Structures are given as structure tokens and as C-alpha cells.
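Residue-level structure breakdown
Chain by chain, the residues:
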Amino acid sequence: MIIHGYQPFEPYLQFYMLDKDGNCTLAEQVDAPYCVMAHDMAITENYAIFVWGAIHFDGMAIMNGGGFKEAITWKPELGLRFGVRRREAGAKTQWFTAPTPGYIFHPGNAYEENGKIMMDACTYRDGGMLLETLEKARDGRPVPGFSSVPFLYELDLASGACSERQLDERGAEFPRLDDRY
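Cut-offs used in this document
Residues numbered from 1 in each chain as written. Predicted model: local features only at pLDDT ≥ 70, side-chain atom pairs only at ≥ 80, totals over all residues. Heavy atoms only, no water. Core = buried A, V, L, I, M, F, W, Y, C linked by side-chain atoms within 4.5 Å. Buried < 20%, exposed > 50% of the residue type's maximum accessible area, 1.4 Å probe, protein only. Helix = DSSP H or I, 4+ residues; strand = E, 2+ residues; numbered from the N terminus. Contact = heavy atoms within 4.5 Å. Salt bridge = Lys/Arg side-chain N within 4 Å of Asp/Glu carboxyl O. Pairing = 2+ DSSP bridges. Phe/Tyr/Trp six-rings, centres within 6.5 Å; stacked < 30°, edge-to-face > 60°.

What follows deals with the nonpolar core. One finds Leu13, Phe15, Phe50, Trp52, Ile55 and Tyr103 to be the most contacted residues of the largest nonpolar core, which totals 27 residues. Among the secondary structure elements, those contributing two or more residues to this core are strand S2 (13–18), strand S3 (24–30), strand S5 (47–52), strand S6 (55–57), strand S10 (103–113) and helix H3 (127–138). Setting aside chain neighbours within four positions, we find Phe15 in contact with Ile2, Ile3, Leu26, Ala27, Glu28, Val30, Met41, Ala48, Phe50, Arg85 and Arg87.

In C-alpha cells, the structure reads:
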């Protein structure tokens with residue numbers, strides 16, 4: 001089992017691996033530039049991919065008596081970033097910046113191909129609208145359709161470049177693999 005943890009104070013990101021008996025075999029801090037609401041991650045055969053969206057998580061807002069609503073803000077200037085590290089002790093994290101800011105709750109799939117990591121995910125292009133939608137859902141008000149759309153991200157491990165391709169205009173969330181494969 002592969003797990004990530006995040007918190008609004010340094011160290012912002014942690015990485016864990018457990019064996020089949022539930023024993024923790026790896027527990028390390030990951031060098032992350034700031035804190036975000038890091039809901040999910042992706043893995044490949046050899047790598048862990050941390051999704052670092054542009055929804056900032058401010059721990060001081062909570063320490064000063066604020067709630068979750070006051071602690072998270074959409075900051076598109078932070079961009080959408082991906083931290084990639086090998087799934088082994090002591091590995092360094094390589095950070096990539098996507099061309100377009102966004103927020104990702106759920107990656108769909110990730111795999112390695114010719115020195116690159118390919119990852120598809122449902123990406124919210126407007127995190128401010130996402131936060132408004134979440135607030136409406138908490139208050140029991142009607143929630144409009146999802147505003148995330150499917151993207152394919154290509155992370156070139158040699159060059160450090162990230163490219164993206166929007167796969168469709170239709171809204172999508174909770175992606176999954178085809179069970180036949």
C-alpha cells in the first residue's frame with residue numbers, strides 16, 4: 001500500500017509504503033514548496049506522483065481560530081504541479097509545472113513510457129468555482145454538474161518538462177480503469 005500525507009505546516013508532505021502485512025516499510029518527508037489541499041496521488045511501477053494543485057492550505061488561518069473554509073483558497077498563480085519520486089528510500093522529488101493552473105481530486109491512471117510519466121486526471125480549471133461548489137454541497141444547496149474535465153499529462157523525466165492535453169469537454173470525475181484491463 002502506498003500512502004501520502006499532507007499538513008498545513010512544514011514538512012508539508014509525507015510518503016509511506018506498507019507491506020502486505022500492514023507493516024510500514026517506508027516513512028519519509030517529501031520536499032514540497034508550500035502546502036496545498038493534496039487529496040490524492042498516482043503511482044506507476046517505479047514512481048509516486050504527488051498532485052500539487054492551486055488550492056492553497058493555510059495552517060495559520062486554522063491556528064487563528066478559522067475553519068476549513070478560511071484555510072483554503074484558490075491561488076492560480078501557484079499553478080498545477082506534480083512531484084515525482086522513485087518508490088524507494090531516500091529518493092529525491094522532481095517537480096513539474098503544468099502549462100495550465102488547476103486542481104485535481106482524482107488521477108485516473110499513470111504509467112511509464114520512454115522516460116516519461118503519462119498520467120490522466122480529472123482537472124478543475126477553476127478552483128474558485130470548485131470551492132464555491134463544495135460550500136454549496138456542505139450547506140445542502142443544489143450543486144451544479146462537475147466542472148472538472150479529463151486531461152492527459154506528460155512528465156518528461158529527462159528534461160523536466162510537463163505537457164498537457166485536454167481529452168474531452170465533457171465533465172468527468174472519479175475516473176477508473178477499464179476492468180477488462
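Right, let's get into the pattern of salt bridges. Counted under the stated rule, the structure contains seven salt bridges. The residue Arg85 makes a salt bridge to Glu28 at a minimum N-O spacing of 3.0 Å. With Arg85 in strand S8 (residues 81–86) and Glu28 in strand S3, the pair connects residues that are 57 residues apart, well separated along the chain. Ionic pairing is found between Glu154 and Lys116, a salt bridge with its closest N-O pair at 3.1 Å. On the criterion of sequence distance, the pair formed by Glu154 in strand S12 (residues 148–156) and Lys116 in strand S11 (residues 116–124) is long-range, its members being 38 residues apart.

This next bit is on the pairing of strand S1 (residues 2–6). Summarising the sheet, S1 and S2 pair through five bridges and their orientation is antiparallel. Paired with Gly5 across the bridge in S2 is Gln14. Taking the residues between adjacent antiparallel strands as the criterion, S1 and S2 are bridged by six residues.

With that out of the way, let us pick up the packing of aromatic side chains. Using the criterion set out here, one finds eight aromatic pairs in the structure. Both rings, one in Tyr6 and one in Phe57, keep their centres 6.1 Å apart while their planes meet at 65°; by these two values the pair is edge-to-face. Highlighted residues: Tyr6 in strand S1 and Phe57 in strand S6, separated in sequence by 51 residues. For Tyr6, a relative accessible area of 30% gives the class partly exposed. Arranged with centres 6.1 Å apart and planes meeting at 75°, the rings of Phe57 and Phe68 form a pair that is edge-to-face. Of the two residues, Phe57 is situated in strand S6 and Phe68 in helix H2 (residues 68–71); the sequence distance between them amounts to eleven residues. Cluster of aromatic residues (ring-pair linked, three or more members): Tyr6, Phe57 and Phe68.

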